[in-house]
Amino acid sequence: MEFPEDLKYSKEHEWVLLDGDLATIGITDFAQDQLGDIVFVELPSVGDKVAKDEAFGVVESVKAVSDIYAPLSGTVVEVNDDLPDSPEMLNEDCYSDAWIVKIRLSDQAEIAALMNAAAYEKFTAEEGE
Amino acid sequence: MNRTPLFAQHQQRGARFVDFGGWEMPVQYSGIIAEHTAVRTAAGLFDVSHMGEIELRGPGALAAAQELTANDVGRLADGQAQYSLLLLPSGGIVDDIMVYRLSAERLLLCVNAGNAEKDLAWIRDHAGTAEVVDRSAETALLALQGPRATAILARLAAADVASLARFACAEVEVAGKPVLAARTGYTGEDGWELYAGNADAAPLWDALLDAGAGDGLAPVGLGARDTLRLEAALPLYGNDLDETTTPLEARLGWVVRLDKPSFIGRAALLAQRAAGVTRKLCGFALDERGIARHDHAIVHDGSEVGRVTSGSQSPTLGKAIGLGYVPPHCADVGTELEIDIRGRRVRATVTPLPFYRRIQAGGS
């Protein structure tokens, strides 16, 4: 299981890569492993407002439907258009090519609530068993 | 929670477990799509020991089975099996089962795990003079399925299994263990269901996986079992069938022998056949992205006409498929439907069943 050091993590198993007030968001290695083979992704549209801890998209594996929660609030500025055609990317490359959305943050103070890699790894170890 | 005699084998192979009707069962090992593909292209080994096994014995066994089941047990010779149904007097389905004629005075009924207790009580109440023996607790069941299944089994079997016909069964030694081997399954592929004593289950499991390693044999969990059976349009009790659905609605009319003089549910089904069914199970494929799931609404001409009973992405076809009950006028192949997926209406078309049919090799 990978937990890249340069990312922040949410309790709903999303990762965030911060670049000023731009946040790239995806699902973690733990999340894709728990879901199993991902076969469908529903994404928001550019311009949509997302609110911290609210669902903004859906991933479905063969067996299960799972919401994707916004780890931070903001406005969607870009979505990964490759994902609907190739949802299996989320199993294969969840931390780079399979990013999900980029949002312009509306409240950078929310960042403080996210976990670093070590804290998230510990969190998943507790949740996994 | 109940565990099968193979629980340690599943742990050792890295299975992820799920609660299935009170049983802690493997849902997947390497991944549902890889396991599904293994069964379609090579072979898969399933632990389905949670299923129930009930025997009818004695001089009254055949007569009891004729009354209890909708198919015609009289068409079975020793060593033959048939798919059948236990029905209520209303025609509703108590369970869908396999019936194996071991001899004229010994019939084995394999029933769904979630129904095993209910079925046992129902069978005991309607068995007439037959003796009813519940063998579930002592019996393990392994399913070896896929185009390579027979070749793998033949390597370990003391008798010639390849010559057994589809739906035949025989008592044979497999890897030195006594097994009732039946050429039946729930995947749409050639394959075998192997009934064995609990103590023999683990050595059989290990021997089969070893024997099939070079063929691509993989352990397969309940996740792929569900996608395999759905592609083959084999119904799942509790999803597609229950006590409120009848065989005529569920496209299982072929199982029901109304020409038998008597069986439980016959009168209701004769009446329903005369009046016509008001709903029918149909298969559909989605024409847009999305996955239909159990209980999503089926919409036709803007109105809800039914509910999805089973739905999944089909690994073989690469698109979402499903089953559901709709009024007969909506069940014809080519009918355009919509599925309400979390408030989004996705276009779907009624398609011929099964969704997947194996290409049969000559002779097998």
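**Re the overall build of chain B**
Consideration 1: In terms of helices and strands, chain B carries eight helices and 19 strands.
Consideration 2: Expected size for 364 residues packed as a compact globule is a radius of gyration near 21 Å; at 20 Å, chain B falls within 12% of this value.
Consideration 3: Projecting the C-alpha coordinates of chain B onto the three principal axes gives extents of approximately 60 × 50 × 45 Å.
Consideration 4: In chain B, which comprises 364 residues, the share counted as buried stands at 51%.

**Some remarks on the pairing of strand β18 (residues 336-341) of chain B**
Residue and element names in this part refer to chain B.
Consideration 1: Strand direction decides the pairing type here: strand β15 (residues 297-300) and β18, joined by three bridges, are antiparallel. Residue pairing for β18: I298 is matched across the bridge by I339.
Consideration 2: The antiparallel hairpin formed by β18 and strand β19 (residues 344-351) contains two residues in its connecting segment, where R342 sits at a positive phi of about 50°.

**Observations regarding the environment of E67(B)**
All names here are of chain B.
Consideration 1: Mapped onto the elements, E67 comes out in helix α3 (residues 61-68).
Consideration 2: Between the C-alpha atom of E67 and that of E243, which follows or precedes it by 176 residues, the distance is 18 Å.
Consideration 3: Contact partners of E67, with chain neighbours within four places excluded, come to H126, G128, S262, F263 and I264.

**Section: unusual backbone geometry**
Residues and elements named next belong to chain B.
Consideration 1: Cis geometry is adopted by the peptide bond preceding P354, which originates at L353 and carries an omega value of -5°.
Consideration 2: In this structure, P354 sits in the segment after β19.
Consideration 3: The phi angle at R342 is positive, at roughly 50°, despite the residue not being glycine.
Consideration 4: Here R342 is to be found in the loop between β18 and β19.

**As for the interface of chain A and chain B**
Consideration 1: Facing nine residues of chain A, the contacting portion of chain B comprises 12 residues.
Consideration 2: Its residues assigned to classes, the side of chain A that touches chain B comprises five nonpolar, one polar and three charged.

**Some points on the environment of Y83(B)**
Residue and element names in this part refer to chain B.
Consideration 1: Within the fold, Y83 resides in strand β5 (residues 80-87).
Consideration 2: Separated by 16 residues in sequence, Y83 and V99 place their C-alpha atoms 6.4 Å apart.
Consideration 3: Those residues within four positions of Y83 in sequence are excluded, and the remaining contacts are N71, M98 and V255.

**Details of helix α5 (residues 149-156) of chain B**
Residue and element names in this part refer to chain B.
Consideration 1: Taken together, the buried positions of α5 are occupied by A149, T150, I152, L153 and L156. Along α5, the residues classed as buried sweep out an arc of 160° about the axis, all on the same side.
Consideration 2: In the core, the buried residues of α5 are packed alongside β3 (43-47), β9 (139-145), β10 (169-174), β12 (191-197), α6 (198-211) and β13 (217-219).

**Thoughts on the sheet that holds strand β4 (residues 52-57) of chain B**
Residues and elements named next belong to chain B.
Consideration 1: Strand order across the open sheet formed by five strands is β5-β6-β7-β4-β8, with antiparallel pairing between neighbours. With partners counted over all chains shown, the strands left at the sheet margins are β5 and β8 (131-134), one partner each. If you compare each strand with its neighbour and ignore which way they point, the axes differ by 25° on average.
Consideration 2: Note: β4 against strand β7 (residues 106-111), six bridges, orientation antiparallel. Within β7, the position partnered with I54 by the bridge is L109.
Consideration 3: On top of the sheet, α3 reaches β4, β5, β6 (93-103) and β7; it is set at about 125° to β4, its chief contact.

**Structural notes on the confidence of the model for chain B**
Consideration 1: Per-residue confidence for chain B gives a mean pLDDT of 97; residues scoring 70 or more make up 99%.
Consideration 2: Across the whole predicted complex the pTM is 0.94, and at the interface the ipTM reaches 0.86.

**What to know about helix α2 (residues 32-41) of chain B**
Residues and elements named next belong to chain B.
Consideration 1: Taking burial as the measure, the 10 residues of α2 include seven buried ones, the bulk of the element.
Consideration 2: Considered for burial, the residues of α2 that qualify are I32, I33, E35, H36, A38, V39 and R40.
Consideration 3: Buried residues belonging to α2 abut β2 (23-28), β3, β9, β13 and α7 (222-231).

**Details of the packing of α2(B) against α7(B)**
All names here are of chain B.
Consideration 1: It is the contact of α2 with α7, at a shortest axis distance of 8 Å, that shows an interaxial angle of 55°. The orientation of α2 relative to α7 falls into the category oblique. As for how α2 packs across α7, the hand of that crossing is right-handed. Where α2 approaches α7, its residues I32, E35, H36 and V39 are matched on the opposing element by G223, A224, T227 and L228.
Consideration 2: Split by residue class, the contact of α2 with α7 holds four nonpolar, three polar and one charged.

**Quick word on the nonpolar core**
Residues and elements named next belong to chain B.
Consideration 1: Among the nonpolar cores identified, the biggest contains 134 residues, and L142, L144 and L194 are the most heavily contacted of them.
Consideration 2: Considering every element that reaches this core, the biggest residue donor is β6, with six residues.
Consideration 3: Here L144 is in contact with A43, L45, A149, I152, L153, G191, W192, L194 and L208, once residues within four sequence places are set aside.

**What about the sheet that holds β15(B)?**
Pairing between sheet strands relies on hydrogen bonds along the backbone, with the strands arranged either parallel or antiparallel.
All names here are of chain B.
Consideration 1: Pairing is antiparallel around the closed barrel formed by six strands, whose spatial order is β14-β17-β16-β15-β18-β19. The sheet shows a mean angle of 45° between the axes of neighbouring strands, taken without regard to direction.
Consideration 2: Pairing between strand β14 (residues 280-286) and β19: four bridges, direction antiparallel. Following the sheet pairing, A285 is matched in β19 by T349.
Consideration 3: The strands that α7 touches are β16 (303-314) and β17 (319-326); relative to β16, the one it contacts most, it runs at about 120°.

The rules behind these values
Residues numbered from 1 in each chain as written. Chains lettered and ligands numbered in written order. Predicted model: local features only at pLDDT ≥ 70, side-chain atom pairs only at ≥ 80, totals over all residues. Helix = DSSP H or I, 4+ residues; strand = E, 2+ residues; numbered from the N terminus. Rg over C-alpha atoms; globule rule 2.2 N^0.38 Å. Buried ≥ 20, exposed ≤ 12 C-beta atoms within 10 Å, placed from the backbone. Pairing = 2+ DSSP bridges. Contact = placed C-beta atoms within 7 Å. Nonpolar A, V, L, I, M, F, W, Y, C, P; charged D, E, K, R; others polar. Arc of directions from axis to C-beta. Axes fitted to C-alpha atoms, helices over the stretch in contact; angles between N-to-C directions. pLDDT = per-residue confidence, 0-100. Parallel < 35°, antiparallel > 145°, perpendicular 65-115°, else oblique. Left-handed = near helix turned anticlockwise from the far one by under 90°. Core = buried A, V, L, I, M, F, W, Y, C linked by C-beta atoms within 7 Å.

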